[in-house]
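So the chains spell out like this:
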Amino acid sequence: MKNAHERFGFAEFEKKLRDTTTRIRLTADCFIGEKPGNGPSVGHLLSAFGTDVEVAALWAAILGEESIRVGSQNLKPYMVQFGERPAVYRGTLTLPGRRRPVRHLVVVSTQLRAEGDQARIIVKSNSSDLILRAVAHLHGLPLLSDWSEWFCARLQKAGRVRQLSGLNCAPVAIQGTKNEFLEWIGAGLKNGQIQIPPP
Amino acid sequence: MTHARLTPSFLQISATVRRVALRVPPTGPAEVSYAGLPFDTIEDLLPASPAYRQVARILDPQPISLNTRPLTPLHKGHIGLLSTAGLLNGKFGSGNRLHVAAWKTKKRVIRTEDSEDEKTIIREREQFVHELALAFANGETALIE
């Protein structure tokens, strides 16, 4: 694809010491964040790349629970924190014709990993297929892929879908417990809104 | 001397001197070089990045499908392992007993507190629980642990 710079954003942070201020800025290709009504903004996913030193610095900043400023052409810059114990994954991209590889870093919050509160799931895209797969996988629910449209319509009707801010993705937060969703499936089957095709 | 050159009389004299045309030789087309990161190439490489591969299970969970015939008949232990791994999720039964099954393994922490000689001992025991969620064609649902 061409003109990638138009789609990319940035992730930067400042470290102030006694007499110096260091600013590190990386290019971000994906981000999921949330601005709650009260309290600090929370980051759930960040994918950024840069040189070895830049990525190491951002990794240290995230583990040190520093605030990161994220923004792009379509996303107004704001400060986010990834909370306690975010998972940080690093990789290397070898570019043809370049001596030094580019380092890639992906940060995933505890909530996106669904390790904390199971009553709230964050999904990277608002597509009905992905929402169904994520809910079925994380809750262990008997959901068939043919039911994705019905399930999303049911979620929307109950007001359980909340849009989050994102860079190069359209993330949503899904609210609901396993027992609630299982009740919905039972009611849908009873009313004939969904059917189980024979195996 | 420098001061004399700047006087108006000197400028008048210099204006009468024959003009010499100094031609700038033509150059080739201007070359624009970019020394930064090649974003287009990086964007193409990112989906295959090892970091993204590790989070693929979180960002884009895929249902596990197993459509092979086992070499030997499965015994109870095999079935238990397969079911808890989510490999036996799907549609089963027929007629009124047609249902969709989904298995899930959960970790449960059992916390106990004992008081001994003015001391409180807190013990945490981790336990894995296998949960089966069922949805029958007639609308019945069940959650079995």
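Predicted, not measured: the structure shown is a model, and the values here were computed from it.

## Details of the overall build of chain B
- Check the secondary structure of chain B and you find five helices and four strands.
- Counting from the amino terminus, chain B carries its helices and strands in the arrangement α-α-α-α-α-β-β-β-β.
- Within chain B, the fraction of its 145 residues that count as buried is 21%.
- Looking at chain B as shown, the accessible area adds up to about 11,800 Å², and 57% of this sits on carbon and sulfur atoms.

## Remarks on the packing of aromatic side chains
- Counted according to the given criterion, the structure contains eight aromatic pairs over all chains.
- Here A:Phe49 and B:Phe39 contribute two aromatic rings whose centre-to-centre distance is 6.0 Å and whose plane-to-plane angle is 75 degrees, an arrangement assigned as edge-to-face. With A:Phe49 in strand E3 (residues 42-50) and B:Phe39 in helix H3 (residues 39-45), this pair bridges two chains. Here A:Phe49 matches B:Phe39 in class, with each residue buried.
- With a centroid separation of 5.2 Å and an interplanar angle of 70 degrees, the aromatic rings of A:Phe181 and A:Trp184 are classed as edge-to-face.

## Focus on the interface of chain B and chain A
- Each partner contributes to the interface: chain B provides 44 residues, whereas chain A provides 53 residues.
- When chain B packs against chain A, the two sides together hide about 3,900 Å² of surface, and 71% of this comes from carbon and sulfur.
- Put simply, chain B and chain A have three salt bridges between them.
- Across the pair B:Glu131 and A:Lys178 runs a salt bridge whose closest N-O atoms are separated by 2.4 Å.
- Seen at the junction of chain B and chain A, the total is 11 residue pairs in polar contact (both at pLDDT 80 or more).
- Elements supplying a minimum of two residues to the side of chain B that touches chain A: H3, helix H4 (50-59), strand E2 (99-116), strand E3 (119-136) and strand E4 (141-144) of chain B.
- For the side of chain B that touches chain A, the element with the most residues is H4(B), which contributes eight residues.
- Considered class by class, the residues forming the side of chain B that touches chain A number 26 nonpolar, 10 polar and eight charged.

## Focus on the packing of helix H3 (residues 128-139) of chain A against helix H4 (residues 148-157) of chain A
Residues and elements named next belong to chain A.
- Packing of H3 against H4 leaves a shortest axis separation of 9 Å and a crossing angle of 85 degrees. The angle between H3 and H4 places the two elements in the roughly perpendicular class. Taking contact as the criterion, the partners of Ser128, Asp129, Ile131, Leu132 and Val135 in H3 are, on H4, Ser148, Glu149, Phe151, Cys152 and Leu155.
- For the contact of H3 with H4, a count of residues per class yields six nonpolar, two polar and two charged.

## Regarding the sheet that holds strand E1 (residues 90-92) of chain B
- The sheet built from four strands is open, its strands ordered E1-E2-E3-E4 (chain B) with antiparallel pairing. Two strands lie at the open edges of the sheet, namely E1 and E4 of chain B, each paired on one side alone. Direction aside, the axes of adjacent strands within the sheet are offset by 40 degrees on average.
- Strand contacts of helix H5 (residues 178-191) of chain A: E2, E3 and E4 of chain B, with the helix running at about 15 degrees to E3(B), the strand carrying the most contacts.

## What to know about the side chain of A:His44
Residues and elements named next belong to chain A.
- Examined against the element boundaries, His44 turns out to sit in strand E3.
- For His44, a relative accessible area of 1% gives the class buried.
- Within the structure, His44 has its side chain in polar contact with the side chain of Glu34 (distance 2.8 Å).

## Re the state of the cysteines
Residue and element names in this part refer to chain A.
- Under the criterion given, the structure shown has zero disulfides over all chains.
- Cys152 carries a free sulfur, and the closest cysteine sulfur to it, the one in Cys169, is 16 Å from it.
- Classification of Cys152 as buried rests on a relative accessible area of 12%.
- The thiol sulfur of Cys169 is not disulfide-bonded, and the nearest other cysteine sulfur, from Cys30, lies at 4.0 Å.

## Describing the nonpolar core
- Ranked by internal contacts, the top residues of the largest apolar core, which has 31 residues, are A:Val135, A:Leu143, A:Trp147, A:Phe151, A:Ile174 and A:Ile185.
- Counting residues per element, the ones that place at least two in this core are strand E8 (120-123), H3, H4, strand E11 (172-175) and H5 of chain A together with E3 of chain B.
- A per-element tally of this core places H3(A) first, with seven residues.
- Look past the residues within four positions of A:Ile174 in its chain and what remains in contact with it is A:Ala119, A:Arg120, A:Ile121, A:Val123, A:Ile131, A:Val135, A:Leu155, A:Arg160, A:Val161 and A:Phe181.
- Ranked by size, the runner-up nonpolar core spans 27 residues in total, among them A:Leu93, A:Leu95, A:Leu112 and B:Val55.

## Comments concerning the layout of surface pockets
- Approximately 170 Å³ is the volume attributed to the second largest pocket.
- Forming the walls of the second largest pocket are A:Phe8, A:Asp29, A:Cys30, A:Lys124, A:Asn168, B:Glu43, B:Leu46, B:Pro47 and B:Tyr52.
- A breakdown of the residues in the lining of the second largest pocket according to their chemical character gives five nonpolar, one polar and three charged.

About the criteria used
Residues numbered from 1 in each chain as written. Chains lettered and ligands numbered in written order. Predicted model: local features only at pLDDT ≥ 70, side-chain atom pairs only at ≥ 80, totals over all residues. Heavy atoms only, no water. Helix = DSSP H or I, 4+ residues; strand = E, 2+ residues; numbered from the N terminus. Buried < 20%, exposed > 50% of the residue type's maximum accessible area, 1.4 Å probe, protein only. Areas by Shrake-Rupley, 256 points an atom, 1.4 Å probe, with all protein chains shown as cover. Phe/Tyr/Trp six-rings, centres within 6.5 Å; stacked < 30°, edge-to-face > 60°. Contact = heavy atoms within 4.5 Å. Buried area = accessible area lost by both parts, 1.4 Å probe. Salt bridge = Lys/Arg side-chain N within 4 Å of Asp/Glu carboxyl O. Polar contact = N/O pair within 3.5 Å; in protein donor to acceptor, adjacent residues only side chain to side chain. Nonpolar A, V, L, I, M, F, W, Y, C, P; charged D, E, K, R; others polar. Axes fitted to C-alpha atoms, helices over the stretch in contact; angles between N-to-C directions. Parallel < 35°, antiparallel > 145°, perpendicular 65-115°, else oblique. Pairing = 2+ DSSP bridges. Disulfide = S-S within 2.5 Å. Core = buried A, V, L, I, M, F, W, Y, C linked by side-chain atoms within 4.5 Å. 1 Å grid on protein atoms, 1.4 Å probe; cavity = no way out; pocket = protein on both sides within 12 Å on 5 of 7 lines; lining within 4 Å. Points joined across faces, edges and corners; volume = space filled by probe spheres on them.

These results come straight from atomic positions and should not be treated as a statement about function.
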